[in-house]
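# Chain and residue survey
What follows is each chain in one-letter form.
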Amino acid sequence: MNISVALIDDEPFALIRIKKLLQIDDDIQIVGEASGVEDAIKLLKFKKPEIIFMDIKMPDGTGFDILSRLDSSYKPYVIFVTAFDNYALKAFEYNAIDYILKPFENSRFFKVVEKAKEFITLKRSSKITKQISALINQDDKPYQDEKCQIKIVEKGWDIFIDHQDIMLVESNGNYCKLHISNKFYLYKKTMKELESELNSSEFLRIHRSYIVNINLIKEVKYLGKNEYAFELSTGIKITSGRSFSDKIKSCLSLKVGSIS
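This text gives an overview of the structure that appears in the document. Quick caveat, the model's predicted, so the values are computed rather than measured. (Residues numbered from 1 in each chain as written. Predicted model: local features only at pLDDT ≥ 70, side-chain atom pairs only at ≥ 80, totals over all residues. Heavy atoms only, no water.)

Structurally, Phe92 can be placed in helix H4 (residues 88–93). Assessed through its relative accessible area of 42%, Phe92 is described here as partly exposed. Discounting chain neighbours no more than four positions away, the residues touching Phe92 are Ile97, Asp98 and Tyr99. (Helix = DSSP H or I, 4+ residues; strand = E, 2+ residues; numbered from the N terminus. Buried < 20%, exposed > 50% of the residue type's maximum accessible area, 1.4 Å probe, protein only. Contact = heavy atoms within 4.5 Å.)

What follows is the structure in C-alpha coordinates.
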(Lines give C-alpha, C1' and ligand atoms only; values in the text may rest on other atoms or scores of the structure.)
Protein backbone atom coordinates (compact mmCIF):
# COMPACT_ATOMS: atom_id res chain seq x y z
CA MET A 1 0.00 0.00 0.00
CA ASN A 2 1.30 3.43 -0.97
CA ILE A 3 -0.48 6.31 0.78
CA SER A 4 0.30 9.92 -0.12
CA VAL A 5 0.52 12.33 2.81
CA ALA A 6 1.05 16.10 3.15
CA LEU A 7 2.18 17.94 6.28
CA ILE A 8 1.01 21.49 7.04
CA ASP A 9 2.34 23.26 10.13
CA ASP A 10 4.16 26.54 10.76
CA GLU A 11 6.21 25.07 13.61
CA PRO A 12 9.46 23.58 12.21
CA PHE A 13 10.01 21.23 15.14
CA ALA A 14 6.44 19.93 14.87
CA LEU A 15 6.96 19.19 11.18
CA ILE A 16 10.23 17.41 11.87
CA ARG A 17 8.69 15.21 14.58
CA ILE A 18 5.62 14.25 12.53
CA LYS A 19 7.81 13.54 9.52
CA LYS A 20 10.09 11.24 11.53
CA LEU A 21 7.13 9.34 12.98
CA LEU A 22 5.57 8.84 9.55
CA GLN A 23 8.83 7.70 7.99
CA ILE A 24 8.70 4.64 10.24
CA ASP A 25 5.72 3.38 8.23
CA ASP A 26 6.65 1.97 4.81
CA ASP A 27 3.10 2.50 3.55
CA ILE A 28 3.36 6.27 3.93
CA GLN A 29 4.79 8.52 1.23
CA ILE A 30 5.19 12.19 2.23
CA VAL A 31 4.59 14.21 -0.93
CA GLY A 32 5.10 17.69 0.47
CA GLU A 33 5.19 20.13 3.37
CA ALA A 34 3.86 23.65 3.86
CA SER A 35 3.95 26.22 6.66
CA GLY A 36 1.29 28.65 5.49
CA VAL A 37 -2.12 28.86 3.86
CA GLU A 38 -1.11 29.91 0.35
CA ASP A 39 1.75 27.40 0.08
CA ALA A 40 -0.51 24.66 1.45
CA ILE A 41 -3.23 25.36 -1.13
CA LYS A 42 -0.71 25.17 -3.97
CA LEU A 43 0.70 21.92 -2.57
CA LEU A 44 -2.67 20.26 -2.13
CA LYS A 45 -4.02 21.32 -5.53
CA PHE A 46 -0.92 19.96 -7.25
CA LYS A 47 -0.22 16.79 -5.25
CA LYS A 48 -3.73 15.91 -4.00
CA PRO A 49 -2.51 13.71 -1.10
CA GLU A 50 -4.93 11.20 0.40
CA ILE A 51 -4.16 12.24 3.99
CA ILE A 52 -3.31 15.67 5.42
CA PHE A 53 -1.77 16.27 8.84
CA MET A 54 -2.61 19.89 9.56
CA ASP A 55 -2.22 22.51 12.28
CA ILE A 56 -5.05 25.00 12.73
CA LYS A 57 -3.40 28.39 13.29
CA MET A 58 -0.81 29.68 10.83
CA PRO A 59 0.70 33.12 10.20
CA ASP A 60 -1.53 33.88 7.20
CA GLY A 61 -4.73 32.13 8.25
CA THR A 62 -6.05 28.79 9.47
CA GLY A 63 -6.34 25.20 8.35
CA PHE A 64 -10.04 25.83 7.80
CA ASP A 65 -9.17 28.56 5.28
CA ILE A 66 -7.16 25.99 3.36
CA LEU A 67 -9.87 23.35 3.30
CA SER A 68 -12.60 25.82 2.32
CA ARG A 69 -10.64 26.79 -0.80
CA LEU A 70 -10.07 23.27 -2.11
CA ASP A 71 -12.05 21.87 -5.03
CA SER A 72 -15.20 20.16 -3.74
CA SER A 73 -14.36 17.03 -5.74
CA TYR A 74 -11.12 16.57 -3.77
CA LYS A 75 -11.87 14.94 -0.43
CA PRO A 76 -8.73 14.05 1.52
CA TYR A 77 -8.75 12.60 5.02
CA VAL A 78 -7.73 15.37 7.43
CA ILE A 79 -6.02 14.90 10.79
CA PHE A 80 -5.64 18.07 12.82
CA VAL A 81 -2.55 18.25 15.02
CA THR A 82 -2.78 21.37 17.16
CA ALA A 83 -2.29 22.89 20.59
CA PHE A 84 -5.78 24.41 20.56
CA ASP A 85 -8.60 22.31 21.97
CA ASN A 86 -11.45 24.73 21.21
CA TYR A 87 -11.68 23.96 17.49
CA ALA A 88 -12.50 20.25 17.70
CA LEU A 89 -16.20 20.58 16.84
CA LYS A 90 -15.48 22.81 13.86
CA ALA A 91 -12.75 20.44 12.72
CA PHE A 92 -15.19 17.56 12.37
CA GLU A 93 -17.45 19.76 10.25
CA TYR A 94 -14.58 19.65 7.75
CA ASN A 95 -14.61 15.82 7.71
CA ALA A 96 -11.62 15.45 10.02
CA ILE A 97 -11.05 11.84 11.00
CA ASP A 98 -9.20 12.78 14.18
CA TYR A 99 -7.98 15.69 16.29
CA ILE A 100 -4.63 15.32 18.07
CA LEU A 101 -3.71 17.77 20.80
CA LYS A 102 -0.09 18.85 21.23
CA PRO A 103 1.90 17.68 23.03
CA PHE A 104 1.00 14.10 22.19
CA GLU A 105 2.36 10.63 22.88
CA ASN A 106 3.82 8.63 20.00
CA SER A 107 1.34 5.84 20.70
CA ARG A 108 -1.55 8.25 20.21
CA PHE A 109 -0.10 9.38 16.87
CA PHE A 110 0.49 5.83 15.60
CA LYS A 111 -3.06 4.87 16.53
CA VAL A 112 -4.39 7.70 14.37
CA VAL A 113 -2.14 6.68 11.48
CA GLU A 114 -3.55 3.14 11.59
CA LYS A 115 -7.06 4.57 11.69
CA ALA A 116 -6.33 6.67 8.61
CA LYS A 117 -4.89 3.67 6.77
CA GLU A 118 -8.08 1.71 7.49
CA PHE A 119 -10.12 4.53 5.97
CA ILE A 120 -7.93 4.53 2.86
CA THR A 121 -8.23 0.74 2.51
CA LEU A 122 -12.02 0.91 2.77
CA LYS A 123 -12.20 3.80 0.34
CA ARG A 124 -10.11 2.03 -2.26
CA SER A 125 -11.93 -1.28 -1.94
CA SER A 126 -15.30 0.46 -2.03
CA LYS A 127 -14.33 2.34 -5.17
CA ILE A 128 -13.32 -0.88 -6.93
CA THR A 129 -16.51 -2.62 -5.80
CA LYS A 130 -18.65 0.24 -7.10
CA GLN A 131 -16.86 0.19 -10.46
CA ILE A 132 -17.38 -3.56 -10.84
CA SER A 133 -21.00 -3.30 -9.72
CA ALA A 134 -21.64 -0.50 -12.19
CA LEU A 135 -20.26 -2.58 -15.06
CA ILE A 136 -22.30 -5.64 -14.11
CA ASN A 137 -25.55 -3.81 -13.47
CA GLN A 138 -25.39 -0.94 -15.91
CA ASP A 139 -28.26 -2.39 -17.96
CA ASP A 140 -30.21 -3.80 -15.04
CA LYS A 141 -30.11 -1.13 -12.36
CA PRO A 142 -33.05 -1.16 -9.94
CA TYR A 143 -34.93 2.11 -9.60
CA GLN A 144 -34.77 3.86 -6.25
CA ASP A 145 -36.91 6.87 -5.48
CA GLU A 146 -34.55 9.61 -4.30
CA LYS A 147 -37.46 11.22 -2.44
CA CYS A 148 -37.46 8.22 -0.07
CA GLN A 149 -33.79 8.59 0.78
CA ILE A 150 -31.71 10.94 2.87
CA LYS A 151 -28.20 11.85 1.81
CA ILE A 152 -25.64 12.12 4.61
CA VAL A 153 -22.06 13.28 4.06
CA GLU A 154 -19.75 11.59 6.56
CA LYS A 155 -15.96 11.83 6.44
CA GLY A 156 -16.10 12.79 2.79
CA TRP A 157 -18.44 9.95 1.81
CA ASP A 158 -22.00 10.23 0.51
CA ILE A 159 -24.27 7.88 2.46
CA PHE A 160 -27.86 7.28 1.32
CA ILE A 161 -30.35 6.21 3.97
CA ASP A 162 -33.75 4.78 3.05
CA HIS A 163 -36.58 6.33 5.05
CA GLN A 164 -37.84 2.87 6.00
CA ASP A 165 -34.54 2.13 7.78
CA ILE A 166 -34.93 5.05 10.18
CA MET A 167 -36.10 3.76 13.57
CA LEU A 168 -36.16 7.03 15.47
CA VAL A 169 -35.37 10.70 14.84
CA GLU A 170 -34.06 12.70 17.77
CA SER A 171 -33.52 16.45 17.88
CA ASN A 172 -29.85 17.40 18.34
CA GLY A 173 -29.44 21.17 18.19
CA ASN A 174 -29.43 22.28 14.56
CA TYR A 175 -29.23 18.63 13.50
CA CYS A 176 -31.50 15.62 13.50
CA LYS A 177 -30.05 12.43 14.96
CA LEU A 178 -31.15 9.51 12.78
CA HIS A 179 -31.11 6.18 14.61
CA ILE A 180 -30.36 3.36 12.16
CA SER A 181 -29.99 -0.16 13.58
CA ASN A 182 -27.21 0.05 16.21
CA LYS A 183 -25.74 3.39 15.09
CA PHE A 184 -26.84 6.93 14.26
CA TYR A 185 -26.12 9.70 11.77
CA LEU A 186 -26.38 13.47 12.14
CA TYR A 187 -28.47 15.19 9.46
CA LYS A 188 -28.27 18.96 9.16
CA LYS A 189 -31.97 19.81 9.15
CA THR A 190 -34.48 20.88 11.75
CA MET A 191 -37.11 18.48 13.07
CA LYS A 192 -39.80 20.49 11.30
CA GLU A 193 -38.00 20.27 7.96
CA LEU A 194 -37.40 16.54 8.26
CA GLU A 195 -40.95 15.87 9.44
CA SER A 196 -42.25 17.45 6.23
CA GLU A 197 -40.03 15.12 4.15
CA LEU A 198 -41.11 11.90 5.86
CA ASN A 199 -44.30 10.04 4.97
CA SER A 200 -46.90 10.79 7.66
CA SER A 201 -48.30 7.29 7.29
CA GLU A 202 -44.94 5.83 8.26
CA PHE A 203 -43.62 8.34 10.79
CA LEU A 204 -45.20 10.12 13.74
CA ARG A 205 -43.88 13.09 15.66
CA ILE A 206 -44.75 12.45 19.31
CA HIS A 207 -42.61 15.12 20.95
CA ARG A 208 -40.81 18.29 19.92
CA SER A 209 -37.63 16.19 20.12
CA TYR A 210 -38.78 12.82 18.72
CA ILE A 211 -40.21 11.29 15.55
CA VAL A 212 -40.85 7.54 15.62
CA ASN A 213 -41.21 4.93 12.90
CA ILE A 214 -44.85 3.84 13.25
CA ASN A 215 -44.06 0.31 12.05
CA LEU A 216 -41.77 -0.16 15.06
CA ILE A 217 -44.29 0.85 17.71
CA LYS A 218 -44.75 -2.12 20.03
CA GLU A 219 -46.98 -0.60 22.68
CA VAL A 220 -48.58 2.72 23.58
CA LYS A 221 -50.01 3.45 27.02
CA TYR A 222 -51.98 6.51 28.06
CA LEU A 223 -50.41 8.11 31.14
CA GLY A 224 -52.98 10.83 31.71
CA LYS A 225 -52.73 14.59 31.15
CA ASN A 226 -52.44 14.05 27.36
CA GLU A 227 -49.20 12.08 27.66
CA TYR A 228 -48.46 8.65 26.19
CA ALA A 229 -45.70 6.15 26.89
CA PHE A 230 -44.30 4.64 23.70
CA GLU A 231 -42.26 1.46 23.51
CA LEU A 232 -40.62 0.50 20.21
CA SER A 233 -39.80 -3.04 19.14
CA THR A 234 -36.14 -2.04 19.54
CA GLY A 235 -36.70 -1.56 23.28
CA ILE A 236 -36.59 2.25 23.15
CA LYS A 237 -39.09 3.93 25.51
CA ILE A 238 -40.25 7.53 25.06
CA THR A 239 -42.90 9.70 26.69
CA SER A 240 -44.82 11.93 24.29
CA GLY A 241 -45.28 15.68 24.56
CA ARG A 242 -48.72 16.93 25.65
CA SER A 243 -49.14 19.21 22.64
CA PHE A 244 -48.92 16.18 20.31
CA SER A 245 -51.83 14.32 21.92
CA ASP A 246 -54.39 14.98 19.15
CA LYS A 247 -51.95 13.97 16.43
CA ILE A 248 -51.11 10.77 18.29
CA LYS A 249 -54.75 9.78 18.81
CA SER A 250 -55.56 10.48 15.18
CA CYS A 251 -52.57 8.55 13.84
CA LEU A 252 -53.08 5.55 16.08
CA SER A 253 -56.83 5.34 15.63
CA LEU A 254 -56.37 2.04 13.80
CA LYS A 255 -54.36 0.69 16.73
CA VAL A 256 -56.82 1.40 19.51
CA GLY A 257 -56.36 -2.09 20.87
CA SER A 258 -52.77 -1.33 21.78
CA ILE A 259 -53.63 1.82 23.74
CA SER A 260 -54.61 1.40 27.37
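Every buried residue belonging to helix H1 (residues 12–22) is among Ala14, Leu15, Ile18, Leu21 and Leu22, and all of these are buried. Buried residues of H1, seen end-on, are gathered within an arc of 135° and therefore sit on one face of the element. Along H1, the residues that are exposed and aim more than 90 degrees away from the buried face are Pro12, Phe13 and Lys20. (Arc of directions from axis to C-beta.)

As paired strands, strand E11 (residues 175–180) and strand E12 (residues 183–187) are joined by 5 bridges and run antiparallel to one another. Residue pairing across strands places Lys177 opposite Leu186, the latter belonging to E12. Taken together, E11 and the strand that follows it, E12, pair antiparallel across an intervening segment of 2 residues, in which Ser181 is found at a positive phi of about 55°. (Pairing = 2+ DSSP bridges.)

This next bit is on the layout of surface pockets. Over the atoms rolls a probe the size of a water molecule, and its path tells where empty space is left. The space that makes up the largest pocket amounts to roughly 670 Å³. Contributing to the lining of the largest pocket are 17 residues, with Phe92, Glu93, Val153, Tyr175 and Leu186 lying nearest its centre. Mapped onto the lining of the largest pocket, the elements with two or more residues apiece are H4, strand E8 (149–154) and E12. Split by residue class, the lining of the largest pocket holds 10 nonpolar, 2 polar and 5 charged. (1 Å grid on protein atoms, 1.4 Å probe; cavity = no way out; pocket = protein on both sides within 12 Å on 5 of 7 lines; lining within 4 Å. Points joined across faces, edges and corners; volume = space filled by probe spheres on them. Nonpolar A, V, L, I, M, F, W, Y, C, P; charged D, E, K, R; others polar.)

A few words now on empty space enclosed by the protein. A full pass over the atoms with the stated rule returns 1 cavity of 30 Å³ or more. In this model, the largest cavity occupies a volume close to 30 Å³. Lining of the largest cavity is provided by Leu7, Ile8, Asp9, Leu15, Ile18, Phe53, Met54, Asp55 and Val81. The set of elements that each furnish at least two residues to the lining of the largest cavity consists of strand E1 (3–8), H1 and strand E3 (51–54). Here the residues of the lining of the largest cavity are counted per class, giving 7 nonpolar, no polar and 2 charged.

Moving on: the pairing of strand E13 (residues 203–207). Counting buried residues along E13, 4 of its 5 residues qualify, which places the element largely inside the surrounding structure. As judged from the 4 bridges shared by E13 and strand E14 (residues 210–213), these two strands associate in the antiparallel manner. The residue bridging Phe203 from the neighbouring strand is Asn213, located in E14. Linking E13 to E14, which pair antiparallel, is a turn of 2 residues.

This paragraph deals with unusual backbone geometry. Phi is mostly negative for residues that are not glycine, and the peptide bonds are mostly trans. Between Lys102 and Pro103 the backbone carries a cis peptide bond, its omega angle lying at -10°. In this structure, Pro103 sits in the loop between strand E7 (96–101) and helix H5 (106–137). Unlike most non-glycine residues, Lys48 shows phi in positive territory, near 50°. Topologically, Lys48 is positioned in the loop between helix H2 (37–47) and E3. Here Asn226, not a glycine, exhibits a phi torsion of approximately 65°, which is positive. Residue placement: Asn226 occurs in the loop between strand E15 (217–224) and strand E16 (227–232). For Asn226, a relative accessible area of 36% gives the class partly exposed.

So, on to the environment of Asn106. Here Asn106 is to be found in helix H5. A C-alpha to C-alpha distance of 9.5 Å links Asn106 and Ile18, two positions 88 residues apart in sequence. Excluding residues within four positions of it along the chain, Asn106 makes contact with Arg17 and Leu21.

Between side chains of opposite charge, a pair can form when the charged atoms approach closely. Tallying each qualifying case throughout the model produces 16 salt bridges. Note that Lys19 is salt-bridged to Glu33, the shortest N-O span being 3.0 Å. Here Lys19 is found in helix H1, whereas its partner Glu33 is found in strand E2 (residues 28–34), with 14 residues between them in sequence. For Lys19, a relative accessible area of 30% puts it in the partly exposed group. We classify Glu33 as partly exposed; its relative accessible area is 37%. Between Lys115 and Asp98 there is a salt bridge; the shortest N-O distance is 3.5 Å. Separated by 17 residues along the polypeptide, Lys115 in helix H5 and Asp98 in strand E7 bring together distant segments of the chain. On the basis of relative accessible area, Asp98 is assigned to the buried category, the value being 10%. It is possible to trace a salt-bridge network through shared partners that takes in Asp9, Glu11, Asp55 and Lys102. (Salt bridge = Lys/Arg side-chain N within 4 Å of Asp/Glu carboxyl O.)

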